[in-house]
Amino acid sequence: MRHYRYIFLLTLSLVLLGPTTAAAQENDSVGKRKSGILTPIKWLGRFIDTLSVRGIDQNYIEVPKRPWQVILRGNINQSDLKLKSKVNGEELFAETVGELRWEPRIMTDPSIYTGFWAGYRGYGFGYSWNVAGDKGRYLTFGAMGGSYGVNLRIHTIKSDEPEVFIAGTYRGFSDDGEDEQIEYHEETMPYILFSPIRIRTLMLDGYYMFNGKRFSYAAAYDQSAIQRRSAGSFMAGFMYYHSHINYAFDLNADFILMMNDIGRIKQWQGSAGVGYAYNYVPVKGMLISAFAMPMLTLYNRNKIWKYDSPYRQKALDEQIYDVDLEIEDYLITPMSSENTHSNMTFNFDARLSFTYQLGRYFLNAYGQFSNFHYRSNNVKGRLNDWFVNASLGVRL
């Protein structure tokens, strides 16, 4: 996360420097010297102002005179991660016949975040921290123009109690203990981890509106513009997604074993698609916006790390039930890593937004749902992620 902090601090510096332009012009004694320093910032501000009005139909889109937005945000989020693996049960457990299915699922409790967003005509950043539910945090960056929108969202979560589905065929005996029986059994149970699974996701998406003249994406999602009349637009978009799932910590050796020795998983995806968005203005000051875009994942790369441990070796030697295990038996060591490229797949991106304008103040609520899949040899999984933002903002 260190490089994310650098990006955050750089963006914060740019936002805080913006308002100093007017003050610098009032200081005659050092006016010339400061003018040279602030000229690029003033030029950038004028350039953004020009972009915000270029090519728009002002009967449909209004650009507010006050360029700054400061927004207080509340967020409800839930992530649903499901992993699937198959292991050789006969190799690990004497009573098992054939393969064992091992499917841990991490569905976080609905988590509540609070934070802020600040920007100049749609160019800015936000930060939110967890106040209830599973631990996590959000860092967001945004850039909205007349015909385009770009957003970056970074999310981190932890969980130490996944729910595990396990299924397989086992050897048993009849009630009198004489006849061997083979039975299929499955169950779902909580699985307590001594070290939590840590998940970090980064999602960068960008969109181009073909009807940027009359349709404003910014009006629905950061309120740097105001949609005055109803309009829709076809959109082209891209999405870059990166996730890091890490449970490779000492004392998780038993969990790693059931995941085919995999302790870390990284995924990179690049997707593109075409969708449609519509801004509905039922009355002045109110906006309801809906957006949906199916996407084709063209780049889908995975990297996994495998780990060894004394626990693993004792399981292969069928000794885990015959000897007393010590803490040292659970200590893991790196074994190997491998890269794979998965086939093309489909993802889906959908959003719904409600906005109400009241002078220089505004209220907004919007939700988003995202779905991602990956596969690597005997392990595959998917991540569903949804969130709802509620915002109260003011223009300065």
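The structure this text deals with has already been given above.
Caption draft 1: Representation of the overall build of the chain within the structure. Scanning the chain from terminus to terminus reveals seven helices and 18 strands. Looking at the 396 residues of the chain, the share that counts as buried comes to 49%. Across the chain, every contact between residues at least 6 apart in sequence was considered, and the portion connecting residues at least 24 apart equals 70%.

Caption draft 2: Broad picture of the layout of surface pockets. Estimated volume of the second largest pocket: approximately 380 Å³. Contributing to the lining of the second largest pocket are 20 residues, with Glu 62, Ile 226, Lys 284, Gln 357 and Gly 359 lying nearest its centre. Looking at the lining of the second largest pocket, the elements that each hand over two or more residues are strand S11 (226-227), strand S14 (286-308) and strand S16 (345-358). Classifying every residue of the lining of the second largest pocket gives eight nonpolar, five polar and seven charged.

Caption draft 3: Up close: a positive patch on the surface. Together, Lys 84, Lys 86, Arg 375 and Lys 380 make up a region of like positive charge exposed at the surface. In this structure, Lys 84 sits in strand S2 (residues 68-88).

Caption draft 4: Fine view of unusual backbone geometry. The backbone phi angle of Gln 223 is positive, close to 60 degrees, even though this residue is not glycine. Among the structural elements, Gln 223 can be located in the loop between helix H5 (218-221) and S11. Gln 223 sits in the buried class, given a relative accessible area of 1%. For Asn 260, which is not a glycine, the phi torsion comes out positive at approximately 60 degrees. In this structure, Asn 260 sits in the loop between helix H6 (253-258) and strand S13 (262-280).

Caption draft 5: View of empty space enclosed by the protein. What the rule picks out here adds up to six cavities of 30 Å³ or more. The space that makes up the largest cavity amounts to roughly 330 Å³. Surrounding the largest cavity, 26 residues form its lining, Arg 73, Thr 140, Arg 153, Tyr 366 and Asn 389 being those nearest its centre. Elements that contribute at least two residues to the lining of the largest cavity include exactly S2, strand S4 (111-120), strand S5 (123-132), strand S6 (136-144), strand S7 (148-159), strand S10 (197-209), strand S17 (361-376) and strand S18 (379-395).

Scoring rules and cut-offs
- Residues numbered from 1 in each chain as written.
- Predicted model: local features only at pLDDT ≥ 70, side-chain atom pairs only at ≥ 80, totals over all residues.
- Heavy atoms only, no water.
- Helix = DSSP H or I, 4+ residues; strand = E, 2+ residues; numbered from the N terminus.
- Buried < 20%, exposed > 50% of the residue type's maximum accessible area, 1.4 Å probe, protein only.
- Contact = heavy atoms within 4.5 Å.
- 1 Å grid on protein atoms, 1.4 Å probe; cavity = no way out; pocket = protein on both sides within 12 Å on 5 of 7 lines; lining within 4 Å.
- Points joined across faces, edges and corners; volume = space filled by probe spheres on them.
- Nonpolar A, V, L, I, M, F, W, Y, C, P; charged D, E, K, R; others polar.
- Patch = residues over 30% accessible without salt bridge, like charges linked within 9 Å, V, L, I, M, F, W, Y side chains within 5 Å.
- Areas by Shrake-Rupley, 256 points an atom, 1.4 Å probe, with all protein chains shown as cover.
- Salt bridge = Lys/Arg side-chain N within 4 Å of Asp/Glu carboxyl O.
- Lys, Arg positive; Asp, Glu negative; His and termini not counted.
- Charge placed at Lys NZ, Arg CZ, Asp CG, Glu CD.

Everything listed here is a matter of coordinates, which is why it stays silent on function.
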